[in-house]
Amino acid sequence: MHDFYSDTKSIPTKSMLESIVLAPLGDEQKAEDPTTAMLEERVAKILGKEKAVFMISGTMCNEIAVRVHCRPGDEVICDATSHLLNFECGSPAALSGVVLQPLQGTNGIFNREDVRKAMRPKSRYMPVSKMLLVEQTANLGGGAVWPLDTIDAVVDEAKAHGLVAHMDGARLLNAVVKTGIPAERYAKDFDTVWIDFSKGLGAPCGAVIAGSAEFCHEAWRQKQALGGAMRQSGVLAAACLYALDNNIEQLVADNNLAASIGERISHIPKVTNMLPVDSNIIVFDVASDAPTAANIVDQLEERGILLGEFGERRLRIVTCLNVNEESGDKVVKELCSVLSD
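Everything quoted here is computed from the prediction, not taken from an experiment.

Caption draft 1: Highlighting the sheet that holds strand E12 (residues 308-309). Read across the sheet, four strands follow the order E9-E10-E13-E12 without closing on themselves; strand pairing throughout is antiparallel. The open sheet has two edge strands, strand E9 (271-272) and E12, and neither has a second partner. Here five bridges tie strand E10 (residues 281-286) to strand E13 (residues 314-318), and the two strands are oriented antiparallel to one another. Following the sheet pairing, Ile282 is matched in E13 by Ile317.

This is the structure:
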């Protein structure tokens, strides 16, 4: 199968799996796993933060950030398309008693004025505006890359109102290789930020959240409370270290392949409203006289291609190490065929 459903389905390479065999191991909960410690130190340096904590997933990173930064009744300001709002089971409310205020950004990106207008007046009747969340890149915005000046502006506005700033950096490194702007610069004014290893970087699982030593101390406590603490976690951390050493260039290839596919399918007459292809995600709609998204997904699966259905007429293509230029040619050819019937 040519699997374009998501970069979360990237399969670890043989070399990555072999790196696990050689990794020195210990008990993570006793701070005795040297491989995990090495990964945490490296990510903290990449992101320009004091400390970092290895987590089993990016969702855990987000939820622990909410739990540490906020109190019950507080409010997180985020885009309406954010992962925190749409794909984390309502956990800010269920786990932390926190509400979310969604902003209607453009392709997942809002601006300083949006943040200013979202601020609650101090009132015993209202939630307390406490945390701003930025998702870089913006998944449902078509993998849109936040411009640095926009990030600086929205974080500056949030800080002026006393908010904590948190970055969901699941695909931050896709933005880094696209723009050449270091991850540390993107993360500079955020209190906390994390990167994911189970997407384009190709590891089987794992994410690392970084921030101050004080934050990381409390994050470890919450990790323990939520059942996320591990023992010989180096078997997972080793794959993440391998990814940092060997798979960054893969992100460049993923971005380039997505740009090529997007440019070609944008010329199909029944493809409409394609979002800008900034990174490794292509989101587009099909015309009212075309088959539905569900029908297209079914037809393409019969032809050996997996896509994502994100609405009655919306589809998503994601590139990663599962696919190559031949796969790109195949998906373009078969989409042309299905949409010309």
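Caption draft 2: The environment of Lys188, seen in detail. Along the chain, Lys188 turns up in the loop between helix H9 (183-187) and strand E7 (192-196). For Lys188, a relative accessible area of 47% translates into the label partly exposed. Sequence-wise, Lys188 and Leu47 are 141 residues apart; in three dimensions their C-alpha atoms are separated by 7.7 Å.

Caption draft 3: Seen up close, the environment of Thr106. Among the structural elements, Thr106 can be located in the loop between strand E4 (99-103) and helix H6 (112-118). Look at Thr106 and you get exposed, because its relative accessible area is 58%.

Caption draft 4: Quick peek at the packing of helix H1 (residues 14-21) against helix H11 (residues 234-246). At a minimum axis distance of 8 Å, the contact between H1 and H11 shows a crossing angle of 135°. Compared by their axis directions, H1 and H11 come out oblique. Judged by the sense of rotation from one axis to the other, the crossing of H1 with H11 is right-handed. Two secondary-structure elements touch here, H1 through Ser15, Met16, Ser19 and Ile20 and H11 through Val235, Ala238, Ala239, Tyr242 and Ala243. Class assignment of the residues belonging to the contact of H1 with H11 gives a composition of seven nonpolar, two polar and no charged.

Conventions we followed
- Residues numbered from 1 in each chain as written.
- Predicted model: local features only at pLDDT ≥ 70, side-chain atom pairs only at ≥ 80, totals over all residues.
- Heavy atoms only, no water.
- Pairing = 2+ DSSP bridges.
- Helix = DSSP H or I, 4+ residues; strand = E, 2+ residues; numbered from the N terminus.
- Buried < 20%, exposed > 50% of the residue type's maximum accessible area, 1.4 Å probe, protein only.
- Axes fitted to C-alpha atoms, helices over the stretch in contact; angles between N-to-C directions.
- Parallel < 35°, antiparallel > 145°, perpendicular 65-115°, else oblique.
- Left-handed = near helix turned anticlockwise from the far one by under 90°.
- Contact = heavy atoms within 4.5 Å.
- Nonpolar A, V, L, I, M, F, W, Y, C, P; charged D, E, K, R; others polar.

Any functional reading would require information beyond the geometric quantities listed.
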